[in-house]
Structure formats: C-alpha cells, structure tokens
Amino acid sequence: MPAYTAIAFAPVQGFIEKSRKLRDLYGASLILSFLSFKLVQKAESLGLKVISPGLPTIQEGMPNRILIKGKFERNDVQNTLLKEWQEILKVCREWIEDNLDIPKDQYYWSQTEDKKGRQKGEWERWGSYTWEIFWGYGESEKEAIKKAMDDLETRKLKRDWTAINWMGESSSLTGTDAIAWHQLGKESKEPGRSLKENEQRQLKQFYHRLAWILDDPYSRNHLARERTKESIPSDEKLEQYFQEDSSGKFIAPGEKLSIPELVKRLVTLPKLAKKIGMEELDEGFKDIFRDAGYWTGWFMGDGDKVGDKLKFLATRPEIDKDKQEQGLKRFTELMRQWGKDFQDNKHLFPEGKGRVIYAGGDDFLGVLYSEKTDTQEKPEKVKPIEALNWLLTLENHWKEHQHTIKQEFNLDFTYSVGFVWAGHQVPQRDILQHCREAEKRAKSLGRDRVTVRVVFNSGQFVQWTCPWDYLHVLRNYRDRDGKSWGEKPNWTHIYNDWAQLKARHAIRLQEMEDISINKELALVIFNLYFDNAGEKFKQERKWSDLAGDNSNSAIVNWIDDLVQVGWQLCRNSNI
C-alpha cells in the first residue's frame, strides 16, 4: 500500500525574526536551509524518494516542509535534525574557545566530561531544545499523500518543545535569552542576580575580544597570531580601538548576544560555514547603513494557498498515482527553480541597493537598502520613490512562473506581499514583524495583492492594500498644476485638501451615532486627482475587490490609506 511521510520543524519565523543585523537574517536562513537539506539527504540515504521540495540537491533556499515517499521514521527525523544542529553549535563554540585566549578552565557554558550523562551545559540545552519536530504519516490506495499532509497539520496542533530556563542577565537583542559568554552556566548561590563588577569586566572583555577578532578573522584568529607572534590587544587598547568608526563591523562592542543569536552571526563566516558544510555568504556582503535619514524597504511574500494546491495535485482523480506523484514533484521543482532564479537575478535591484535574503519558491524575503562603505564617505540613499518604482515592477518577476503553472497544471498561482518602508531607528526585528503583519493583511483582504506599510521611527505607521493589477493607480495622480507621472507632481495638493476635509468632518473614516459615512465627496476628490479612476472602478465593479467590500466605509478608508501612503512615498520625488 502506498505510504508517505510529511515533515516540518519549527520555529522558523521566530528563529529568523530574532535578529538585529542583516547578517543575522542570512545566518538564520542558511541554518534553516542546511537542516532541511540534511533531512532530505538522510531520507535519500535510507532509500526513500523525496517528492517535495523539488531540486533536493540545492541547499540554498531549501524549504522546511518535506514530503517523502515511504516511511521516514520519526526517530530518524529527530536524530538527524538534532545531530546536525548540535554539530553547528559545536563548531561555533569550539571556534570561540580556541580564539579568545581565555583559559579553557574558565569556560562554564558547556558540558564537561565529568557531567556527561548527568547534567547538560547551556550549549547542550540549546542543542536539545531549540526545535519542534512535526511528523505526519499516511497510508492509502488513493489518498496517501493527502493523509500524510493532514496528519502533519493535526500533529502541529500539539506541542513538542521544551523552553530553556536560564539564569542571569538577558541579551541586548531579544531581552529574553541569557547572554552567551564563558561564565554562563557557572553555579551560583544567588541565581538570577545581576553581574558583579568583576564579572561585568570579564563579560566586556569577552565581547571586545570576539568583536576585535571578527573585524578581521583571517589575520586575527589564533593560528594567524601564532604565526606572527602577536597577541590580542590589552583591554585598554581594545577600548581605544572601539572608539574608531570602522570598528565593530561584525559584532558591535556594545552588543550582547544569546547562544542562538551568536551562532546565526558566526555561521556567516565562510571558514566556519565550510567546516559545517553549509552554503557560504558571499565575500562582498555588506550590512545596512543605518544613519539618520537612511530608510530601508523590506518585502516579504508568500504564495497563496500553496498547501491547498499541493493537496489538489496529490488527489487529482483523473490521473493515476504515479502521475499524481510526478505532478507534485514537478510543481515543487518549478517553485524552487523560480526561487533560485529570483535570488540569483543580478538585475533585480538598483546596483548596490538590495538583496534577496531567502527565496524558497513559495515564500521570499528581501530588502532595499544602502550598503555600508569601507570609507568615511556616506552611501547614496534609497529614495522613497525609488522603492516605489521598484515595487511597481515586482509582480513582473513571477508572470512567466504563473504562466508555466497555469499551462502545466491549470492552476492560478499568485503571491501576497507585505512591503515595509521603515525609518532608520525602527529595530530590524520590529520591521520583520511589520512585514509579517502586512503580508497577512494582504492575504486577509483577498490575496494576490500587496500591503504597503510606512513605519516611522516612533513605531507608528500608515498602510494601504491594493491588488497587484491596480497598483499603477499611483501613476494616475495629477496635481492642481496639471503635472503627472514623470513631471514631479506635487502630492501635497491632495494631502492638504484631504486633511482639511477630514478636519472639518466633511470626510469621515468612522461611523458615529446618527452620522453615517458619505463616500461622495471622497470620490469627487479621488476622481479629481486620479484621472477619474473612481468612476472607472465603479463602472467595472471593482470597488469590492479593491477595498474589501462595496460599503461607503471601506471605499473611503481605502482612499484615505492611498493618500497617506502615496504622500509618504511620492512627495518631493522624481516621478
């Protein structure tokens, strides 16, 4: 009887989102792809056939949802995942211990020989309790694949994870996990107390030494220092070193990281990635320049109803089981190939102003940003209009992909995207949460659309959701002087008119007792500035699709969102 195994592990989004630097995002993505790749390799070594993901020999962008033909025992899945994750931790920990010139007997953070089998150290706890593993299995003459997928979803409702219970001060990144340093795990009669003055000094020394080495890891590692007979600078010299603007490129001297945060940073070192067997971050990588006035544009996309499409392909009654399997495999290969091509596209962004962090095919994450420079000269800013112009072309990158899927499977494949334009003071982990929320909003309002969210340094934001087919409405804007797209139209005209009408309650966004929302004036303004677009939407009966429904409230709020977001991205611009 045909049998299939469906596998997933978590946390994925939480693991990715706990990051401060762009480098951390890459590290998290590399680790997740590597662990999935190792699970696929293990299944193949047991003689099992990998149905999904497609392109199983390509590690980069490997999704964490896996479908295997046959029974891939849960214990084999768990042991493989934990073994490979523990090896990553071991390589990173040993590299730190070998390079910081701190005596080995002063490290308390890992399990010693005499405690093996009795008590785990901090690194060993993270090795055992970081991941949840979900496993589904299905046997059936007709619907084995669907049964395995359904079983996986049912089991995901149950918890399979134990949280770490830590003592001491928390990392500056998440504020929840203990700071990783050599004294972590040292027994104390006062658990949970603040660090004493001498301990604070040792903690500072640990991170200063680590940051100094990582600023130039090839010439400052312990082997290089032995060859040149050099030693790590004194604490006083390190203090002076970190006064320089060019210092702390890899780890800032004030950063305090937890063990998994530190590992995500370290695996982006090519030497360590190579030792682990992981994809390497390219040598030309540069992090985000975050000075005042430098905004960044983040985009997070997800294929709409991909799970439903996989189940449909797995249960098509008009074809036999072998063709169902082949179709499913072909579909996932198309997805992964698109993701690979999207990530490798050298012409996707303005030169030096963007990167795709991951692209698994059905989901992707990337950023438009100004790269840090190796000189005192500041980089060119990414302008708001530049980000908008790029966003207006994003849908074109999956048109051919959509056509192929339609042609081969008669399926309509679409993406929902959250795009966040964020100020320099908005923490990266907050930006990623905004991306997630914006993407979810795009899905909840009908899918096949984008939510554009502008996040200010204060944390407040404005947002607008629009189907991809109508995003070009922004190009229809014409100011009172008759200037339109390409002629630097003045968006302050509509912004001020709209604000005045709202202030006088001529335009209302919320219903009040005995006072309903009237859309007529709002539509007059919209038609006036946007080339009669509102009347065209009415004639084509598009308002329900655009605004979510055809009510006065939905239409007026949609126009209000457009005005707020349009003004932020288009004012003082070169459109």
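On a predicted model such as this, the values are computed, not experimentally measured, just so you know.

## Overview of the overall build of the protein
Across its full length, the protein holds 21 helices and 10 strands. At 27 Å, the protein has a C-alpha radius of gyration in line with the 25 Å of a compact globule built from 575 residues. With the principal axes as the frame, the protein shows a C-alpha extent of 80 × 70 × 50 Å. The buried share of the protein, taken over its 575 residues, is 53%. Taking the intrachain contacts of the protein between residues at least 6 apart in sequence as the baseline, contacts between residues at least 24 apart amount to 70%. Surface exposure of the protein reaches about 27100 Å², of which carbon and sulfur atoms provide 45%.

## Quick word on the nonpolar core
If you look at the biggest cluster of nonpolar residues, it comprises 92 residues, and the most contacted ones within it are L22, I88, I96, F206, V263 and W298. No other element matches helix α2 (residues 22–45), which puts 13 residues into this core.

## Regarding a negative patch on the surface
A grouping of E60, E279, E280 and E283 is seen on the molecular surface, where their side chains present a negatively charged patch. Taking the relative accessible area as the measure of exposure, E283 reaches 62% and is therefore exposed.

## Brief notes about the sheet that holds strand β6 (residues 354–359)
The strand order across the open sheet formed by 6 strands is β6-β7-β5-β8-β9-β10, and the pairing between neighbours is mixed. At either end of the open sheet lies a strand with only one pairing partner, and these are β6 and β10 (461–467). Taken over all neighbouring pairs, the strand axes of this sheet differ in orientation by 15 degrees on average, direction set aside. Pairing of strand β8 (residues 415–422) with strand β9 (residues 449–455), which is carried by 6 bridges, proceeds in the parallel orientation. Each residue of the ladder has a partner; that of A422, found in β9, is V455. Packing against the sheet, α2 makes contact with β5 (296–303), β6 and β7 (363–368), and its axis sits at approximately 25 degrees to β6. Packing of helix α21 (residues 552–570) onto the sheet brings it into contact with β8, β9 and β10, and relative to β10 it is tilted by some 110 degrees.

## Topic: the sheet that holds strand β1 (residues 3–10)
Sheet architecture is open: 4 strands sit in the order β2-β3-β1-β4, paired in antiparallel fashion. Bordering the open sheet on either side are β2 (49–52) and β4 (132–139), each of which pairs with just one other strand. On average, each strand axis in the sheet is tilted by 25 degrees relative to the strand beside it, whichever way the strands run. Note: β2 against strand β3 (residues 66–69), 3 bridges, orientation antiparallel. Looking at the pairing, K49 lines up with K69 of β3. Against the sheet, helix α3 (residues 74–99) engages β1 and β4, with an angle of about 150 degrees to β4. Packing of helix α13 (residues 321–344) onto the sheet brings it into contact with β1, β2 and β3, and relative to β2 it is tilted by some 65 degrees.

## Examining the pairing of β1
The buried fraction of β1 amounts to 8 of the 8 residues, a majority that puts the element mostly inside the structure. Of the two faces of β1, the one carrying A3, T5, I7 and F9 and the one carrying Y4, A6, A8 and A10 are both buried. Relative to β3, β1 runs antiparallel, the two being bridged by 4 bridges. Looking across to β3, one finds that Y4 is bridged to K69.

## A word on the environment of T228
Secondary-structure assignment places T228 in helix α8 (residues 222–228). The class of T228 is partly exposed, set by a relative accessible area of 45%.

## Examining the packing of aromatic side chains
Considering all chains together, one arrives at 44 aromatic pairs under this definition. Considering the side-chain rings of F526 and W558, the 6.2 Å spacing of their centres and the 85 degrees angle between planes classify their relative orientation as edge-to-face. Of this pair, F526 sits in helix α18 (residues 520–529) while W558 is found in helix α21, placing the two residues 32 residues apart along the sequence. Exposure remark for W558: the relative accessible area of 5% places this residue in the buried category. In textbook terms, an aromatic cluster arises when at least three aromatic residues are bridged by ring pairs, as seen for F299, F331, W338, F342, F349, F364, W390, W398, F409, F413, Y415 and W468. Over the aromatic face of Y207 sits the side chain of K256, whose NZ or CZ is 5.8 Å from the ring centroid.

## Let's talk about helix α12 (residues 306–314)
For α12, the full list of buried residues reads V306, K309, L310, L313 and A314. The arc that holds the buried residues of α12, viewed along the axis, is 135 degrees, so those residues lie on one side.

## Structural notes on the side chain of E395
Summarising the element assignment, E395 is placed in the loop between α14 (384–394) and α15 (399–409). Setting aside chain neighbours within four positions, we find E395 in contact with W468 and D469.

## Remarks on the pairing of β7
Counting buried residues in β7 gives 5 out of 6 residues, a clear majority hidden from the surface. Here 6 bridges tie β5 to β7, and the two strands are oriented antiparallel to one another. Paired with D302 across the two strands is D363, which belongs to β7. Judged from the 5 bridges that link them, β6 and β7 form a sheet pairing that is antiparallel. Note that in β7 the partner of V356 across the bridge is G366. Hairpin connection, β6 to β7: the antiparallel pair is bridged by 3 residues, and G361 has positive phi, about 115 degrees.

## Thoughts on the side chain of T80
Tracing the backbone through its elements, the reader meets T80 in helix α3. Only 2.7 Å separates the side chain of T80 from the backbone oxygen of D76, close enough to count as a polar contact. The contact partners of T80, leaving out residues within four places of it in the chain, are K38, L39 and K42.

What counts, and where the lines are drawn
- Residues numbered from 1 in each chain as written.
- Predicted model: local features only at pLDDT ≥ 70, side-chain atom pairs only at ≥ 80, totals over all residues.
- Heavy atoms only, no water.
- Helix = DSSP H or I, 4+ residues; strand = E, 2+ residues; numbered from the N terminus.
- Rg over C-alpha atoms; globule rule 2.2 N^0.38 Å.
- Buried < 20%, exposed > 50% of the residue type's maximum accessible area, 1.4 Å probe, protein only.
- Contact = heavy atoms within 4.5 Å.
- Areas by Shrake-Rupley, 256 points an atom, 1.4 Å probe, with all protein chains shown as cover.
- Core = buried A, V, L, I, M, F, W, Y, C linked by side-chain atoms within 4.5 Å.
- Patch = residues over 30% accessible without salt bridge, like charges linked within 9 Å, V, L, I, M, F, W, Y side chains within 5 Å.
- Salt bridge = Lys/Arg side-chain N within 4 Å of Asp/Glu carboxyl O.
- Lys, Arg positive; Asp, Glu negative; His and termini not counted.
- Charge placed at Lys NZ, Arg CZ, Asp CG, Glu CD.
- Pairing = 2+ DSSP bridges.
- Axes fitted to C-alpha atoms, helices over the stretch in contact; angles between N-to-C directions.
- Phe/Tyr/Trp six-rings, centres within 6.5 Å; stacked < 30°, edge-to-face > 60°.
- Lys NZ or Arg CZ within 6 Å of the ring centre and 35° of its normal.
- Arc of directions from axis to C-beta.
- Polar contact = N/O pair within 3.5 Å; in protein donor to acceptor, adjacent residues only side chain to side chain.

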